[in-house]
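Analysis of the macromolecular model
Chain residues, written in single-letter form:
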Amino acid sequence: MSIPTGTPMGGPGAGRSPLGLDFPQSLAVYDDYAAAQKAVDFLADRKFPVEQCMIVGTDLKRLERITGRLTTGKVALGGLLSGAWFGLFIGLLFGLFTEEGLLTILLSTVLFGALFGVIWALAGYAATRGRRDFSSVTQVVATRYEVLVEHKVAAQARELLAELPGGRPDPFA
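Residues numbered from 1 in each chain as written. Predicted model: local features only at pLDDT ≥ 70, side-chain atom pairs only at ≥ 80, totals over all residues. Heavy atoms only, no water.

1. Notes on helix H1 (residues 33-45)
Spacing of three or four residues puts side chains on the same side of an α-helix, whose turn is 3.6 residues. Its 13 residues place the ends of H1 18 Å apart at the C-alpha level, agreeing with the 18 Å of an ideal helix rising 1.5 Å per residue. Among all positions in H1, only Ala36, Ala39, Val40, Phe42 and Leu43 are buried. The buried residues of H1 occupy an angular sector of 150° when the element is viewed end-on, so they sit on one face. In H1, those exposed residues whose orientation departs by more than 90 degrees from the buried face are Ala34 and Lys38. Those residues of H1 that are buried lie in contact with strand E1 (24-30), strand E2 (53-69), strand E3 (134-150) and helix H4 (154-161). One or two residues past the end of H1 sits lysine 47, with phi positive at roughly 65°. (Helix = DSSP H or I, 4+ residues; strand = E, 2+ residues; numbered from the N terminus. Expected span 1.5 Å × (residues − 1). Buried < 20%, exposed > 50% of the residue type's maximum accessible area, 1.4 Å probe, protein only. Arc of directions from axis to C-beta. Contact = heavy atoms within 4.5 Å.)

Okay, here's the thing in structure tokens:
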């Protein structure tokens, strides 16, 4: 994988990576984050200037874990609860700036929030027309982790990393 390095002809920002390294070079590629972190920690223990390193997750995958089936009742209950919480928050804010009874304000904003939450959730669920009748959580994960290092200290980093027990993987793997 290559990292965009800016303008190649020496213009403003030439060679600058998105996180501030000038002309970063690949030091090693690992299959998991823990191994990449261990390599950088090893360099830190050897007094290497690790602020000139970067761990980049590559080969990204989007994972979606299905957590359950959605029904109209579950959607309505979720809307009711989230609306009630929002109403409670608004009620507490109103309570700070009014002379009326706090309990009256809280009850009314919680009820209006719950009603609004149910209506909004059911409208959104109806808009899907059954195309997504399940709930899920998603996560983006990297399958490989590349340790990049500033070009000026790449040779020093390679020498130090060669001392790491278990060796280091081929940076071009």
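Back to the text.
2. A word on the packing of aromatic side chains
A full pass over the atoms with the stated rule returns two aromatic pairs. Arranged with centres 5.8 Å apart and planes meeting at 15°, the rings of phenylalanine 116 and tryptophan 120 form a pair that is stacked. Here phenylalanine 116 pairs with tryptophan 120, and both are found in helix H3 (residues 102-128), just four residues apart, close to one helical turn. Exposure remark for tryptophan 120: the relative accessible area of 63% places this residue in the exposed category. (Phe/Tyr/Trp six-rings, centres within 6.5 Å; stacked < 30°, edge-to-face > 60°.)

3. Some thoughts on the UniProt feature "transmembrane region" (unreviewed entry) in the protein chain
As annotated in UniProt, the feature "transmembrane region" (unreviewed entry) corresponds to residues 75-97 and 103-126 in the numbering used here. The span residues 75-97 is 96% helix and 0% strand, and its two end C-alpha atoms sit 34 Å from each other. The span residues 103-126 shows a helical share of 100% and a strand share of 0%, and its end C-alpha atoms are spaced 34 Å apart. (UniProt positions renumbered as here; feature names shortened; annotations may be inferred.)

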